[in-house]
Amino acid sequence: MLENDDNRASLLDPDRNPPHGKYRAQWNDDYHHAWHVLLTGERAGYYRDYASDPRPHLARALAAGFAYQGEISAHRAGRRRGEKSGALPPTALVNFLQNHDQIGNRPLGDRLQADEAAISAALAITLLAPMVPLMFMGEEWGSARPFPFFCDFQGDLAQAVRKGRRKEFKSAYAVFGDDIPDPLAEDTFRSANLDWEARATPGAQRRLALVRELLTTRSRMIVPRLAGAAFGSARWDDRVLTVDWRMGDGSRLSLMANLSDAVSRPSSTPAGSPIWGGSSGETLPPWSVFWRIGAG
């Protein structure tokens, strides 16, 4: 498993066994960043590369792997970032909405918080797309417990960590000061432990039921078709996202999602049998997601 901000598709070799000195898959930061901007409106740091409109970036990440495949990155001082990734199998990319890195490197370790309907739509897309889905601990019930960065180093290394993080996150320390947890304090580690009791709340139970249903659908309808699956195409038109992939059994997996307020259904919609969301009406409700599988 590779973590590589350069989006170097040439480092990935998921099909051969062993993978000839390369890596089977990579975390897809582009997918996370596009969703984070869309769900939260945050645009600082590397999020500014997705700030103008994150939805086309999301569409490309779903249809072809990386969003940045050689385009200029403003966050990286105008340097080009990434390589073409559409020839990779979808299983070479790991998609996620939260992980230890993106949460733990926030000054306060705060988790993703957004409108419930929007997060439900994001989960419905992430957990049914043919890429490998990753969920962070507690995300399955919507845990809001922060996950601040912590470690148990000692001596000079411990002080180097404190100093390095203050330098790396200088602007955050200027804003939050002593509110930022000390990464070496035992209390910081203990504060990151899961709030298991929160799982019993009505909202957590609704989220958990949604995730279970999505994973059951994935196991039954998506996983048996993954071997030999290929990336496809995407359109972002009038607030509606449509994507399709060719699956390993020759079928076509299609997604239609309204990632905004209510909108009229497009004149051209995916064919096939519904596997999630049912049949769409003339108007697509806000944050509605529809999945279908049909003939290739």
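Rules used in this analysis
Residues numbered from 1 in each chain as written. Predicted model: local features only at pLDDT ≥ 70, side-chain atom pairs only at ≥ 80, totals over all residues. Heavy atoms only, no water. Helix = DSSP H or I, 4+ residues; strand = E, 2+ residues; numbered from the N terminus. Rg over C-alpha atoms; globule rule 2.2 N^0.38 Å. Buried < 20%, exposed > 50% of the residue type's maximum accessible area, 1.4 Å probe, protein only. Contact = heavy atoms within 4.5 Å. Lys, Arg positive; Asp, Glu negative; His and termini not counted. Charge placed at Lys NZ, Arg CZ, Asp CG, Glu CD. Polar contact = N/O pair within 3.5 Å; in protein donor to acceptor, adjacent residues only side chain to side chain. Core = buried A, V, L, I, M, F, W, Y, C linked by side-chain atoms within 4.5 Å. Phe/Tyr/Trp six-rings, centres within 6.5 Å; stacked < 30°, edge-to-face > 60°. Lys NZ or Arg CZ within 6 Å of the ring centre and 35° of its normal.

## Some points on the overall build of the protein chain
- Scanning the protein chain from N- to C-terminus turns up eight helices and twelve strands.
- Against the compact-globule benchmark of 19 Å for 296 residues, the protein chain has a radius of gyration of 20 Å, which places it among compact chains.
- Dimensions along the principal axes, computed over C-alpha positions, put the protein chain at roughly 60 × 50 × 35 Å.
- The burial tally for the protein chain puts 48% of its 296 residues in the buried class.
- When contacts within the protein chain are restricted to residue pairs at least 6 apart in sequence, those whose partners lie at least 24 apart make up 62%.
- In the protein chain, 36 positive and 35 negative side-chain charges are present, and the distance between their average locations comes to 4 Å.

## Some points on the environment of Asp5
- Note on placement: Asp5 falls in the segment before β1 (26-27).
- Sequence-wise, Asp5 and Lys170 are 165 residues apart; in three dimensions their C-alpha atoms are separated by 21 Å.
- In this structure Asp5 touches Asp29, Arg76 and Arg81, once residues within four positions along its chain are discounted.
- A distance of 2.8 Å separates a polar atom in the side chain of Asp5 from a polar atom in the side chain of Arg76.

## A word on the nonpolar core
- Ranked by size, the top nonpolar core spans 56 residues in total, and within it Trp35, Leu62, Ile125, Trp245, Leu255, Val289 and Trp291 carry the most contacts.
- If you list the elements that add at least two residues to this core, you get α1 (29-40), α2 (54-64), α4 (116-128), α8 (202-222), β7 (240-246), β8 (252-258), β10 (273-276) and β12 (288-294).
- The greatest single-element share of this core, amounting to nine residues, is contributed by α4.
- The residues contacting Trp35, other than those within four sequence positions of it, are Leu58, Leu97, Ala122, Ile125, Thr126, Leu259 and Trp287.

## Overview of the packing of aromatic side chains
- According to the stated counting rule, one finds nine aromatic pairs in the structure shown.
- A ring pair is formed by Tyr46 and Tyr47, whose centres lie 4.9 Å apart and whose planes are at 70°; its orientation type is edge-to-face.
- Assessed through its relative accessible area of 30%, Tyr46 is described here as partly exposed.
- Look at Trp141 and Trp196: their rings are 5.2 Å apart centre to centre, the planes differ by 40°, and that puts the pair in the tilted class. Within this pair, whereas Trp141 is found in the loop between β5 (132-134) and α5 (155-168), its partner Trp196 is found in the loop between α7 (186-191) and α8, the two being separated by 55 residues in sequence.
- Over the ring of Phe149 we find Arg165; its NZ or CZ atom is 4.0 Å from the centre of that ring.
- Over the face of the ring belonging to Trp141 we find Arg199, whose NZ or CZ atom lies 5.7 Å from the ring centre.

These figures come from the coordinates and say nothing about function on their own.
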